[in-house]
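# What the coordinates show
As a plain string of letters, each chain reads:
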Amino acid sequence: MNFRNESVGKVNDYSVNDGVITGSTANHRFKLTPYNQHIIRVQISRYNSFDEYPYAVIIEPEQGVASVDEQGESILLDTGAIKCHINTSALRLNFENAKGDLLNADDSSFGVSWLGERVTNYKQLAADEIFLGLGEKGGGVNRRGSSYDNWNTDSFGFDNDTDPLYVSTPFFIGIREGKPYGIFLDNTYKTHFNFGTSNNERFSYFSADGGDMNYYFIQGDKVADVIRQYAKLTGTIEMPPLWSLGFQQCRYSYYPDFEVETIAKTFRDKKIPADVIYLDIHYMEAYKAFTFDNETFPNPKALIEKLEGMGFKVVVILDPGIKTEDGYGTYERGVEEDIFVKYPDGAKYEASVWPGNSHFTDFTLKKGRDWWGKELKFYTDMGLEGFWNDMNEPACWGQDMPDMIEFDYEGQQVSHLKARNVYGYQMVRSTFEGARKIMGNKRPFTLTRSGYSGVQRYSAVWTGDNVAGDDFMLLGQRIVNSLGLTGIPFAGYDVGGFVEESSPALFSRWLALASFAPFFRVHSMVNSRDSEPWAYGEEVEEISRNYINLRYKLLPYIYSLFYEAHEIGLPINRSLAINYHQEEAIYGGNAQNEFTLGEWLLVCPTTSTQDFAKIYLPAGNWYNFFNDEHHHGSQHLIVETGMEDLPVFAKEGAIIPMQSEVQHTRELHDQTLRLHVYHGAVKTEQWLYEDDGETYDFQQGMHYERQVIFDGTTSKLTLKAKTGDFVSRFRNLKVYLHGFENDDYQINGIATSAKQEDLTLLDPITEFDPLPQRDKKHMVVKGIKCLEIAYTDSEITLSW
């Protein structure tokens, strides 16, 4: 075997078929395939046939999107949006945009090279080049000067420097001279990304420990455009059930059954909204999947029905290890179906995990996925609709699964080296597809710890076994922001930390932050203090109630954002790099933790130990979300951060739909849509979306959509006529006009006058404050103008 660096050399021959270029060098084959105007696939192999990776990409190449022109020692592949120059004297690729601006180029010396089985693509590194993404990674927003591995790992108690973690998304966004591009390395072996570290910034590179060089180059004029194209390539989220966007309470573990009931009743008695209670592994008989412990949960179906009547859904944990025990039905059916992974000699692989010695389902085998899906009927027959997929890296005691273990991998018969990174992804796919089939028209909820690019099509992701601490809270938010950059918008962290214990101040700050996160769940470790909102004292309970109430008020906005993510793939929590990548300040300090909820709400995480914090407002004009104080952007601010203070700002032109308080998502609100509009000399728009929140009827037109357009330059707000057959749950419309000075308005041409009222989006905390003389007016919007209108399906125009 050659262990010297072997670089791909001169192009000997090539052919063109409908814009697809296929050719060879002395020792390699290559293929360039335009998928659309903005995506080109690059394949380079040492073998006659190209390696296949069947899990991430869901689209087929469009026909006739590119032209090919030979230019001396160069071939030009032109899609209209990308100009790919192929140097034939030594196979090197340069990518430009339509204007001819260089976006990305191979290193001229090394290009694509093999070193043993490892294949690497070396890239030129521009002086100002920025790197974003890679999903579940620690570190800062700009990945430059760092390196990362993708090898799904059970990373208990991880910190900012732990790498790799649980999820592999080998996709990054580069920004060269202000112009973004994306590269998705679709290779499921262990991969490595180096963004200029340990080589004096001579080059950047990405590599895989086996298989082909197989990547997709993506062009977009904006960072958001690159994300949209990546979403076209790897898919978008399913519309989740509405209840999965509410508050969720978990611990390791709630048992026996009467403890679960007590938790549910306490939420309702204290009027703290909540939708979900989780059952961790102690609900099972001896930790065996697809069982309930008959002593601690003698009648689980009755318990689930009782909780359903209180407005709660129950989510149960599932691990992939199946205990090797005679008489255990799931095990015996698995043996009969022959769906467990094996050694090369045909013996079933066995390792120890929670239930003891266990076999592991081959989820890369269709028969294995189908078998797992059928086993889910044990849960769905009890009325369960939510499934939490854990330990699916896969994890086992000792954390050293032999690399020789064989997986089907859609008929390819590969080793653990190629299959590991997709194992958790295929497990949660099996769970989702099985539940979807059994539940018919109802939407299941699935949650996973491990995954690979494309996992967003089947599941939400949580960031695993985090630690209680301010730095870990901020790390979790950066990871969620980064997952959004890599196509996974439905993500979150364990509020309060799973490992170790939160202080009251930390818990309240973390919960406030998480009320703006896509996935909103408290979770805590076995043998640790209680971690419900009321467990930290009366003040924390009140703060928690306030922020959870705010979450439920924001659900019309949040649900509309989820529909946008379903349609085009944009994140719910958006790193500032999406819309403000040109601002240097976002790559340092606390700005790296900041994000916008959708387009309009800027959330600035701060630690629980600070009474004052330095935050950054990006370009534009901003309103304090809780008192309407006006601030100019592109500057740092020092803000007060008491125990209940989370800095949140609405951008000029923001259009934020809200509703009244409810105790859970299936409780009807007061039928008044509260539309908060923030003045500015800008033109903006926001989609409003409704459906029944629980079925797939929206796919047959049973949805309610309307576009809201604000134009501060022409003094007009327009709610376009609705589309879809769903009847809105709202009957009245109340428009809150933030920053407007006018008193007189016209509604559909009819003159009317605005009323004034004091608005409290977050109730002030006074009775527990150690400094009672502190001015609490900062929590109230005084004398805001508002208009009340009948909410009709036809166009509504408000002018001033």
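Please refer to the structure higher up on the page.
Presented here is an overview of the structure given in this document. (Residues numbered from 1 in each chain as written. Predicted model: local features only at pLDDT ≥ 70, side-chain atom pairs only at ≥ 80, totals over all residues. Heavy atoms only, no water.)

In terms of regular secondary structure, the protein is built from 12 helices and 54 strands. Since a compact globule built from 800 residues should have a radius of gyration of about 28 Å, the 27 Å found for the protein is in line with a globular shape. Along the three orthogonal principal directions, the C-alpha set of the protein runs to about 80 × 70 × 50 Å. The burial tally for the protein puts 65% of its 800 residues in the buried class. Treating the 74 positive side-chain charges of the protein as one cloud and the 114 negative ones as another, the clouds have centres 3 Å apart. (Helix = DSSP H or I, 4+ residues; strand = E, 2+ residues; numbered from the N terminus. Rg over C-alpha atoms; globule rule 2.2 N^0.38 Å. Buried < 20%, exposed > 50% of the residue type's maximum accessible area, 1.4 Å probe, protein only. Lys, Arg positive; Asp, Glu negative; His and termini not counted. Charge placed at Lys NZ, Arg CZ, Asp CG, Glu CD.)

Attention now goes to the packing of helix 2 (residues 257-269) against helix 3 (residues 300-309). One way to put it is that helix 2 packs onto helix 3 with a least axis distance of 11 Å and a crossing angle of 5 degrees. Comparing the axis directions of helix 2 and helix 3 gives the class roughly parallel. On helix 3, the residues that touch Asp-257, Val-260, Glu-261 and Ala-264 of helix 2 are Leu-303, Lys-306 and Leu-307. Grouping the constituent residues of the contact of helix 2 with helix 3 by class yields four nonpolar, no polar and three charged. (Axes fitted to C-alpha atoms, helices over the stretch in contact; angles between N-to-C directions. Parallel < 35°, antiparallel > 145°, perpendicular 65-115°, else oblique. Contact = heavy atoms within 4.5 Å. Nonpolar A, V, L, I, M, F, W, Y, C, P; charged D, E, K, R; others polar.)

Here we take up the packing of aromatic side chains. Going through the model one piece at a time under the given rule, you end up with 68 aromatic pairs. Geometrically, the ring pair formed by Phe-247 and Phe-267 is tilted, given 5.8 Å between the ring centres and 55 degrees between the ring planes. Of this pair, Phe-247 sits in the loop between helix 1 (223-234) and strand 21 (248-249) while Phe-267 sits in helix 2, placing them 20 residues apart in sequence. Ring geometry for Tyr-283 against Phe-292: centres 4.8 Å apart, planes inclined by 50 degrees, an arrangement best described as tilted. Given a relative accessible area of 0%, Tyr-283 falls into the buried group. (Phe/Tyr/Trp six-rings, centres within 6.5 Å; stacked < 30°, edge-to-face > 60°.)

Of the two faces of strand 27 (residues 386-389), the one holding Gly-386 and Trp-388 and the one holding Phe-387 and Asn-389 are both buried throughout. Bridging between strand 23 (residues 313-318) and strand 27 involves four bridges; their strand directions are parallel. For Leu-318, the partnering residue across the bridge sits in strand 27 and is Asn-389. Relative to strand 30 (residues 445-448), strand 27 is paired through four bridges, and the arrangement is parallel. Residue pairing for strand 30: Phe-387 is matched across the bridge by Thr-446. (Pairing = 2+ DSSP bridges.)

These values are about where atoms sit, not about what they do.
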